Amino acid sequence: MSYKTKLMQGNQAVAEGAIAAGVSFFGGYPITPSTEVAESLARELPAIGGKFIQMEDEIAGIGVIIGAALTGKKVMTATSGPGFSLKQELLGYACIAEIPLVIVNVQRVGPSTGQPTAPAQGDVMQARWGTHGDHPIIALTPGSVPECFDLTIKAYEFSEKYRTPVILLLDEIIGHMRERIDLPTSYDQIVKPQRKLPVVSPEEYRAYKPDADLIPPMAPFGTGYRWHVTGLVHDEYGFPDGTPAATQACLDRLHAKINNNLEDIVLYENYLMEDAEIAVLAYGGTARTAYASVDAAREKGIKVGLFRPITMWPFPEKQVKALASQVKHLIVAEMNFGQYVIEVERAVAGKIPVTLHAKYNSEAITPAELLIAIENISKQQ
Amino acid sequence: MEMEQIVDKYFRAGRLPHIWCPGCGNGIVTGAIVKAIDKLALEKDGVAVVSGIGCSSRASGYLDFNTVHSAHGRALPVATGIKLSEPRLKVIVVTGDGDATAIGGNHFIHAARRNIDITVILYNNNIYGMTGGQYSPLTPTHSKATTAPFGTVDRSFDVTELAKGAGATFVARATTYHTPTLIDVITQGIQHEGFSIIEAITACPISFGRQNKMGSAANMMKWQKDNGVMLGAYEKMTDEQKEGKFPIGILYKATAPEYTAEYDKVIARAQKGAK
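What you see is a predicted model, and the numbers here were worked out from it, not measured in a lab.

(A) Examining the overall build of chain A more closely. From N to C terminus, chain A includes 13 helices and 16 strands. Its C-alpha atoms give chain A a radius of gyration of 21 Å, within 12% of the compact-globule value 21 Å for 381 residues. Counting only C-alpha atoms, chain A reaches 70 × 50 × 40 Å along its principal axes. In chain A, which comprises 381 residues, the proportion classed as buried is 54%.

(B) Local environment of the domain arrangement of chain A. Residues and elements named next belong to chain A. We note that the domain assignment places domain 1 (3-184) and domain 2 (268-380) within chain A. The distance between the C-alpha centroids of domain 1 and domain 2 comes to 26 Å. Contacts between domain 1 and domain 2 engage 23 residues on the former and 20 residues on the latter. When residues of the side of domain 1 that touches domain 2 are traced back to their parent elements, those giving at least two are β6 (115-119), α5 (124-129), β7 (138-140), β8 (165-171) and α7 (172-176). Per-element tally for the side of domain 1 that touches domain 2: the top contributor is α5, with four residues.

(C) How the structure looks around the interface of chain A and chain B. Across the contact, 35 residues belong to chain A and 33 residues belong to chain B. Among the elements of the structure, β2 (25-28), α2 (35-47), β3 (51-54), α3 (58-70), α4 (81-97) and β10 (228-230) of chain A are those that each provide at least two residues to the side of chain A that touches chain B. Here the side of chain A that touches chain B gets nine residues from one element, more than from any other, and that element is α3 of chain A. Among the residues making up the side of chain A that touches chain B, the classes are represented as 19 nonpolar, ten polar and six charged.

(D) Molecular detail of the environment of Val-320 of chain A. Among the structural elements, Val-320 of chain A can be located in helix α11 (residues 317-326). Owing to 24 C-beta atoms within 10 Å, Val-320 of chain A belongs among the buried residues under this scheme.

(E) Focus on the sheet that holds strand β5 (residues 170-175) of chain B. The sheet built from nine strands is open, its strands ordered β10(A)-β2(B)-β1(B)-β3(B)-β4(B)-β6(B)-β5(B)-β8(B)-β7(B) with mixed pairing. Edge positions in the sheet fall to β10 of chain A together with β7 (228-230) of chain B, since each of these pairs with one other strand and no more. Ignoring which end each strand starts from, the neighbouring axes of this sheet average 20° apart. Two strands pair when backbone bridges link them, and β10 of chain A and strand β2 (residues 66-69) of chain B are joined in this way by three bridges, in the parallel orientation.

(F) Broad picture of the sheet that holds strand β15 (residues 329-334) of chain A. All names here are of chain A. Spatially, the five strands line up as an open sheet ordered β11-β13-β12-β15-β16, and their pairing is mixed. Looking along the sheet, the strands with just one partner apiece sit at the ends: β11 (268-271) and β16 (354-358). Neighbouring strand axes in the sheet, compared pairwise and without regard to direction, differ in orientation by 20° on average. The pairing of β11 with strand β13 (residues 304-309) spans four bridges and is classified as antiparallel.

(G) Inspection of the environment of Cys-55 of chain B at higher detail. Residues and elements named next belong to chain B. With respect to the element layout, Cys-55 can be found in the loop between β1 (47-51) and α3 (59-62). Owing to 26 C-beta atoms within 10 Å, Cys-55 belongs among the buried residues under this scheme. Separated by 29 residues in the primary sequence, Cys-55 and Asn-26 have C-alpha atoms spaced 8.1 Å apart. The contact partners of Cys-55, leaving out residues within four places of it in the chain, are Trp-20, Asn-26, Gly-96, Gly-129 and Met-130.

(H) Highlighting the packing of α11 of chain A against helix α12 (residues 340-348) of chain A. Residues and elements named next belong to chain A. Where α11 meets α12, the closest approach of the two axes is 9 Å, and the angle between their N-to-C directions is 65°. The handedness of the crossing between α11 and α12 is right-handed. Residues Glu-317, Val-320, Lys-321 and Ala-324 of α11 pack against Val-344, Ala-347 and Val-348 of α12. Among the residues making up the contact of α11 with α12, the classes are represented as five nonpolar, no polar and two charged.

(I) Seen up close, unusual backbone geometry. Cis peptide bonds are those with omega within 30 degrees of zero, and the linkage from Trp-313 of chain A to Pro-314 of chain A qualifies with 0°. The omega angle of the peptide bond from Leu-16 of chain B to Pro-17 of chain B is 10°, so this bond is cis rather than trans. Turning to its location among the elements, Pro-17 of chain B is positioned in the loop between α1 (3-10) and α2 (26-39). In the Ramachandran plot, Ala-349 of chain A falls in the positive-phi region, its phi being about 50° despite a non-glycine side chain.

(J) Highlighting the pairing of β16 of chain A. All names here are of chain A. Here β15 pairs with β16 via five bridges, running parallel. Pairing of Val-332 across the sheet is with Leu-356, part of β16. A crossover links β15 with its parallel partner β16, the connecting element being α12, and its sense is right-handed.

Rules and cut-offs
- Counting from 1, residues in each chain are numbered in the order their sequence is written.
- As a convention, the first chain written is A and the first ligand written is 1, with the rest following in written order.
- Only residues with pLDDT of at least 70 are given local features in this predicted model, and only at 80 or more are side-chain atom pairs given and counted; all residues enter the totals for whole chains, interfaces and linings.
- Counting from the N terminus, the helices are the DSSP runs of H or I reaching at least four residues and the strands are the DSSP runs of E reaching at least two.
- For this measure, only C-alpha atoms enter the radius of gyration; the expected value for a globule follows 2.2 Å times N^0.38, where N is the number of residues.
- Exposure classification rests on a simple neighbour count of other C-beta atoms within 10 Å of a residue's own: a residue reaching 20 or more is buried, one at 12 or fewer is exposed, and one in between is partly exposed. C-beta atoms are placed from the backbone.
- Residue ranges for the domains trace back to a domain assignment, done automatically or taken from a database.
- Contact between residues is assigned whenever the C-beta positions, reconstructed from backbone atoms, fall within 7 Å.
- Residues were grouped as follows: Ala, Val, Leu, Ile, Met, Phe, Trp, Tyr, Cys and Pro as nonpolar; Asp, Glu, Lys and Arg as charged; and all remaining residues, including Gly, as polar.
- Criterion used throughout: strands pair if DSSP finds at least two bridges between them.
- Interaxial angles span 0 to 180 degrees and are taken between N-to-C directions of axes, which are lines fitted to C-alpha atoms, for helices over the stretch in contact.
- Handedness of each helix crossing follows the sense of rotation of the near helix against the far helix: counterclockwise by less than a right angle gives left-handed, clockwise gives right-handed.
- Seen with the strands pointing away from the viewer, any crossover whose path from the first strand over the helix to the second strand runs clockwise is right-handed.

Written as structure tokens, this is what we have:
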């Protein structure tokens, strides 16, 4: 594959990744700091025969892509905190009706209108639990502009393979940061994630009858397979079924199809972790700070490394438990009041101390600040 | 075609009986929709029926098309996605008065504004039936509802005027009493290239009629018979004669660029490299 070097924003790289993955439909509503995703696709989609629509509100922005997904298209919407809150209703619909789609959430300071142009990582728990009811979710968080491109393609791989919505959780740092990216000169050679289609006849087709992998094949509307989609708990045909047995079967399979595939879904990076005695856990824009802090601490002879979750949800349980067996102290750095740290502490279960390095004043954590935190922990050892 | 054959052809085997109460008019409206589709000889594979949440929105599950029972108020965004991504499909939205004009009101006016080729059948029973009789934006002022035990003070929409004002290019109304008219306006609405809306007035004897002492289901249909007047005749009536009456038939029709066709021009411009 040949490449062209570009200077590009994270948001634009997401749009490029979407095109590369074969997205042909975008619906959304303008919101800072995610708007460049929509603007890029408004320009690029029609040129490749795709469709872009700016809807009347955030809810319609996800509703319209659910409709397009039903006709077999790969679809995207993009938003930020206030819009992400509004999208939770239909995010849950996409979970239970098993509609593949990708929602980009470029996090800003909240709650409410908060600080629209400033970075935060305060939607981590909303990404996990924002919609009502029990549901699994996949959320990926890129740490660089090139990774925005790669992870967007990955998001489609997961959403199509597991018939599920996938959240691309950026923060304003990554969304608006410009850096070098080597883009393929043509996206033709990029493998386009494909949805599993039915192999049975329309008469035999049951829209929610899973294969052995627990994923039901999905027939595009208009191809002879007339099926029913509902947000109600449903049977294998997709029709409402109010029995306790059907409810349990429906919810069990929704969870199992994700939880049985953690080896495939959970992505992460270890940086200088081989001999580390202290680990920093950081993600997204905060990880950029952490690399520098870890490097600086290493120069001072401190055995510290970085564990960077790339898949935020499902939580990298096994990996965090392994960290707790390896290092003596864990520092969780995040741009919020302490969200992911709750899950980390649960997994670590008191085996080693966990220290939160939180910042939520609308500024990024600086390498110097995190270095001091590492040095303080190091002195205690 | 006899009703039995219609049911066999267009209703899903094993899904009936429906959940609607005795005396409910929703079955008549749903029957009128499939009769219109039958008149037009549409291929079942080429039709998508999208509904929201509520009594009327349950219709999608009974019908043998590509069907979506979406979320409350959200039928139109989902329908817009289906239509824009696959314009060859005929997209019909089945919705109720609360679904379309309260929680879905924003989507309703904007779908009308775009003039996207979707046909909305709005089952207007003047009440939230599924939840047991709360007032909707189409409940007449001073009506009783479980959430207005002393009568509503809310003014109600005329949804046909709302649709027209928002940009719909085909607006009609009929009742479950005037079934041939209902079938006819739905047929013409589906044929119309643009956003079409048919207000289908349907009786809810249990959750609306009972609270408002409107009598039996038959009495409620008699009210439709006595007060629904074909537009031509209605226009000739004096203001005094119009009191309590409402026009039925095609109320408004216009020609305007259709959204998906316009978007195809955007694609053509983008592919030529023009802005």
